[in-house]
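# Tertiary structure, described
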Amino acid sequence: MDHVAGLIINSPADTAKNIYGMPSVLSILRDKYFTWDAWANFANEGEKPQLKKYTYFPLIEGNTYPLAGTEMKVKAFELSHGNPYKSSAFLISHDDSDVLYLGDTGADEIEHSDKLMKLWQTIAPLINSGQLKAIFLEVSFPNEQPDKQLFGHLTPRLFFSELSKLKALTNEKAFKKVSFIVTHIKPPKHQSEKIKKQLVLGNTLNLNLVFPEQGNQLTIN
């Protein structure tokens, strides 16, 4: 809900558009959120009447799709978000430049999964060629959070652990050019400040870390 609340609340005043997602995600929007019992069905599937402001566009993992009304393309990958629950990563491409956005995800070692390693193996050639410019990756809790209470999220330690695996698959010079935008830092303020401090002090990989601020434009070269 923390990821789609804005979409739902603003839907009465929103413009018509596609909602791109993996089928497992779209089914939750269709069956749980955009229903007349919970809100109103602004989509093109599910309970009737269907207001059809939104059109569900399913993404099959590994396939590339054009994003309507843009010159961009998207490819989706499945992530593990508190096994067996799922999340998604999106590789967005425009000409010869890509960015990778990961939704909520746990580390492979905690999830008993290989989802992240498979993703790293897929994108490593894009880093080596200089095509992948940035990776958006979450860090939700400080290092003190017990593994059993991560609920499919990363800590600074796990963030660096996973990215060290990616670094091992890439050319060192090319890897240094990638920007890593830290997302999903959870409140309260004292905890978010602790997470940022742990990321800065623990950055032995010398990553180009970016901490986005709401309302400020990011420029990625």
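Residues numbered from 1 in each chain as written. Predicted model: local features only at pLDDT ≥ 70, side-chain atom pairs only at ≥ 80, totals over all residues. Heavy atoms only, no water.

## Re helix H4 (residues 115–128)
As a reminder of what qualifies: Helix numbering and strand numbering both begin at the N terminus, where a helix is a DSSP run of H or I of at least 4 residues and a strand a DSSP run of E of at least 2. Take the residue count of a helix, subtract one, and multiply by 1.5 Å to get its expected span. Here the bend at each residue means the angle between axes fitted to two seven-residue stretches, the one ending at that residue and the one beginning there. Each residue is assigned to one of three classes by its accessible area relative to the maximum for its type, calculated with a 1.4 Å probe on protein chains only: buried under 20%, partly exposed between the two thresholds, exposed over 50%.
For H4, built from 14 residues, the straight-helix expectation of 20 Å at 1.5 Å per residue is met to within 8% by its first-to-last C-alpha distance of 21 Å. In the structure, H4 departs most strongly from a straight axis at Thr-122, where the bend amounts to approximately 30° and where the proline Pro-125 lies between one and four residues downstream. Residues Leu-116, Leu-119, Trp-120, Ile-123, Ala-124, Leu-126 and Ile-127 constitute the buried set of H4. Once H4 ends, the next one or two residues include Gly-130, with phi positive near 80°.

## Regarding the pattern of salt bridges
Condition: The term salt bridge refers to a pairing of a side-chain nitrogen on Lys or Arg with a carboxyl oxygen on Asp or Glu at a separation within 4 Å.
For the coordinates displayed, the defined rule picks out ten salt bridges. For Arg-30, the salt bridge is made with Asp-31, and the minimal N-O distance between the two is 2.9 Å. Judged by its relative accessible area of 25%, Arg-30 falls in the partly exposed class. When its relative accessible area of 42% is taken as the criterion, Asp-31 is described as partly exposed. Between Lys-165 and Glu-162 there is a salt bridge, with its nearest N and O atoms 3.3 Å apart. With Lys-165 and Glu-162 both in helix H5 (residues 156–168) and three residues apart, the pair spans about one turn of that helix. Classification of Lys-165 as partly exposed rests on a relative accessible area of 25%. Taking relative accessible area as the criterion, Glu-162 reaches 1% and is therefore assigned buried.

## Topic: the packing of aromatic side chains
The geometry of an aromatic ring pair is captured by two quantities: the separation of the ring centres and the angle between the planes. To keep it simple, the criterion reads: In this scheme Phe, Tyr and Trp rings, the latter by its six-membered ring, pair at centre separations within 6.5 Å, and the angle between planes marks the pair as stacked below 30 degrees, edge-to-face above 60, and tilted otherwise.
Applying the stated criterion across every chain yields a total of seven aromatic pairs. Ring pairs connect the aromatic residues Tyr-20, Phe-57 and Tyr-65, which therefore count as one cluster.

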